[in-house]
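Working through the structure, step by step
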Amino acid sequence: MFLAHLSLTHFRNYHRLELDFTRRLTLLQGHNAQGKTNLLEAIYFLATSKPVHALAEREVVDWQAQQEPIPFCRVAARVELQEGERPRSLELEIILAPRGENGHFAKQVKINGVNRRSLDLVGLMRAVLFLPEDVKLVDGSPGERRRYLDIALCQIDPTYCRALSAYQKVLTQRNSLLKRLREAPGASRARPHDPAVEAQLSFWDEKLAQHGSYVVARRHNFILALEQIARTRHHDLTNGLEELALQYVPGFNPGHLSAMEYELLRAGGEPSPQEWQAIRTPLAPQEVATHFLAKLASRRSRELAAGATLYGPHRDDFRFLANGRDLRTYGSRGQQRTAALSLKLAEVQAMTEATGVAPLLLLDDVMSELDARRRRTLLQVLDGVAQAIVTTTDWEDFTPEFRRQAQLLQVRNGTVEPASAGPQELEE
Ligand SMILES: Nc1ncnc2c1ncn2[C@@H]1O[C@H](COP(=O)(O)OP(=O)(O)OP(=O)(O)O)[C@@H](O)[C@H]1O
């Protein structure tokens, strides 16, 4: 995968940008608030069709352009998806509703000039993005971690993307049915045994289990694959001091654990080697579906009383453990950041193994937070990636050797120029 050209119009602080990428490694230098993150965000937006921050879609349109009668922004790229393949053009536009009609926008996707759905864009130009705030993956809410898994898996597996979207629709329908039933007069006494109610709920249970079981099995198996790679990365980054483990905590027991093992997992207890073995058993969707349906059937009264779906992948989470301790609770800021970086580096390899094509790696200001050893290890890792675009405020964060190999660009107030006067060492 090679991103050859990027074109931006009215994207955040880029009024207009045409930029060629000429090398495997690109280093973008700029002072604070010049547009380095925005440029990476634009590339990631095109790869995933999702803004970096949930619900931020309309915010990406340049503030100045928002004064125009029909404000819009456009991100386009020319990409070689496979080596030797003809480059494809990908294009994403956000068009805001005319002023006064607040909140509405349209999203338009074109692939090779032809209108397509947003979903068709996902998985073409695959990318992995690391931002300083990714520490939230470790210490933030479960929703942040689920969003991370969904974006990563959608880029790898279109079936996952469809199952997830179907699951979310079914969940909304099922929730509104449960809410209606709870609010109906005499609900708590009569409803659970009403055959019409039973039939309706069974219908939605089937659908929920059908789509949700694929989501659960895929998330579980993906975390197992990520863990294997992340453990090595983390071992290298921490000079062998920390052993990283990832622990998927599904919203119900999908069948690979005993009731006690599952309770221990949810409570965050320290598993024994045998329990770890059980936790790391791969899952098949059919097996998960059976357990999901049984859970829903046995908890029907509870869900009717709550008026909402209480079990399923919308309640999933996962944990980062270093030497057996949960980093969310016990990790220092630096430990949490390193664990998030290990995860992202693992994602690059997992994605390459799953699809046969290496994704684009986007690293925002990654060096400033790492100690000298971690920086050296990261540079070694970058040596092996297919294409990486990396930002920095300071050239000196990167070795002269790295800078010699990289395309050097300077970002200044929404413009990008080749770095004319390179750093001193390079001129020697
Ligand atoms: N929709 C928008 N329209 C115009 N400008 C925007 C928009 N959104 C953000 N900006 C501005 O873009 C500028 C550059 O932001 P960006 O996060 O890319 O900086 P950066 O170069 O990565 O800086 P730092 O090194 O501080 O992280 C900021 O001043 C920000 O206020």
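Basis of the calculations
- Sequence order as written defines residue numbering, which begins from 1 separately in each chain.
- The predicted origin of the model limits local features to residues at a pLDDT of at least 70 and limits the giving and counting of side-chain atom pairs to 80 or more, whereas totals for whole chains, interfaces and linings rest on all residues.
- These domain boundaries are the output of an automatic or database domain assignment.
- We call two residues in contact whenever the C-beta atoms placed from their backbones are within 7 Å.
- Runs of H or I in DSSP of at least four residues are treated as helices and runs of E of at least two as strands, each being numbered from the N terminus.
- The span one expects for a helix is its residue count, reduced by one, times 1.5 Å.
- Any residue whose C-beta has 12 or fewer other C-beta atoms within 10 Å is treated as exposed, any with 20 or more as buried, and any in between as partly exposed, C-beta atoms being built from the backbone.
- Strands are treated as partners if at least two bridges between them are detected by DSSP.
- Near, as applied to residues and a molecule or strand, means the residue's backbone-placed C-beta atom lies within 6 Å of it.
- Residues are sorted three ways: Asp, Glu, Lys and Arg are charged, Ala, Val, Leu, Ile, Met, Phe, Trp, Tyr, Cys and Pro are nonpolar, and all the rest, Gly among them, are polar.
- Axis definition: a line fitted to C-alpha atoms, over the contacting stretch in the case of helices. Angles run 0 to 180 degrees between N-to-C directions.
- Nonpolar cores are identified as sets of buried Ala, Val, Leu, Ile, Met, Phe, Trp, Tyr and Cys residues joined via C-beta atoms within 7 Å.

Quick word on the domain arrangement of the protein
Annotation of the protein at the domain level lists domain 1 (2–125 + 362–427) and domain 2 (139–330). In this structure, domain 1 and domain 2 have C-alpha centres spaced 33 Å apart. Contacts between domain 1 and domain 2 engage 10 residues on the former and nine residues on the latter. The set of elements that each furnish at least two residues to the side of domain 1 that touches domain 2 consists of helix H1 (36–48) and helix H14 (372–383).

Some remarks on H1
If you check H1, its first and last C-alpha atoms are 19 Å apart, about what 13 residues at 1.5 Å a residue would give, namely 18 Å. Taking burial as the measure, the 13 residues of H1 include 13 buried ones, the bulk of the element. Positive backbone phi, at 65°, marks Ser-49, one or two positions downstream of H1.

Let's talk about the pairing of strand E10 (residues 317–322)
Put simply, side chains in a regular strand alternate between the two faces of the sheet. Sheet analysis places strand E9 (residues 244–249) next to E10, joined by six bridges and oriented antiparallel. Looking across to E10, one finds that Val-249 is bridged to Asp-317. Direction of pairing for E10 relative to strand E11 (residues 325–326): antiparallel, over a ladder of two bridges. Each bridged residue has a counterpart across the sheet, and for Ala-322 the counterpart in E11 is Arg-325. Here E10 hands over to E11 after two residues, with Asn-323 in that stretch at a positive phi of 50°.

Quick word on the site of the ligand
Around the ligand, 16 residues are found, and the nearest of them are Asn-13, Asn-32, Lys-36, Thr-37 and Asn-38. Residue classes in the shell around the ligand are distributed as three nonpolar, eight polar and five charged.

Some details on the sheet that holds strand E4 (residues 72–80)
Strand pairing in a sheet relies on backbone hydrogen bonds, with the paired strands running either antiparallel or parallel. Strand order in the open sheet formed by six strands is E2-E1-E4-E5-E6-E7, and the pairing between neighbours is antiparallel. Edge strands, defined here as strands with exactly one partner in the open sheet, are strand E2 (14–20) and strand E7 (114–116). When strand polarity is set aside, the average angle formed by the axes of neighbouring strands in this sheet is 20°. Pairing analysis gives seven bridges linking strand E1 (residues 2–11) to E4, with the strands arranged antiparallel. Its bridge partner being in E4, Leu-8 is matched across the sheet by Val-75. Against the sheet, H1 engages E1, E2, E4 and strand E5 (88–96), with an angle of about 110° to E1.

Quick notes on the sheet that holds E11
The strand order across the open sheet formed by three strands is E9-E10-E11, and the pairing between neighbours is antiparallel. Each edge of the open sheet is held by one strand with a lone partner, namely E9 and E11. Taken strand by strand, helix H7 (residues 195–237) contacts E9 and E10, and its axis lies near 165° from that of E9.

Some details on the nonpolar core
Judged by nonpolar contacts, the single largest core of 102 residues is most densely connected at Ile-43, Leu-46, Met-125, Ala-127 and Leu-362. With 11 residues, the top contributor of residues to this core is H7. Leave out the neighbours within four places in its chain, and Met-125 touches Met-1, Leu-3, Leu-46, Ala-47, Ala-77, Val-79, Leu-90 and Leu-360.

A few points about the environment of Gly-84
Within the fold, Gly-84 resides in the loop between E4 and E5. A tally of 5 C-beta atoms within 10 Å means that Gly-84 is categorised as exposed. Linking Gly-84 and Thr-232, residues 148 residues apart in sequence, is a C-alpha distance of 32 Å.

A word on helix H13 (residues 333–355)
Taking 1.5 Å per residue as the helical rise, H13 with its 23 residues ought to reach 33 Å, and the 33 Å between its terminal C-alpha atoms agrees with that figure. Most of H13 is tucked away, with 17 of its 23 residues classed as buried. Note on H13: the residue one or two positions beyond its end, Gly-356, has a positive phi of about 80°.

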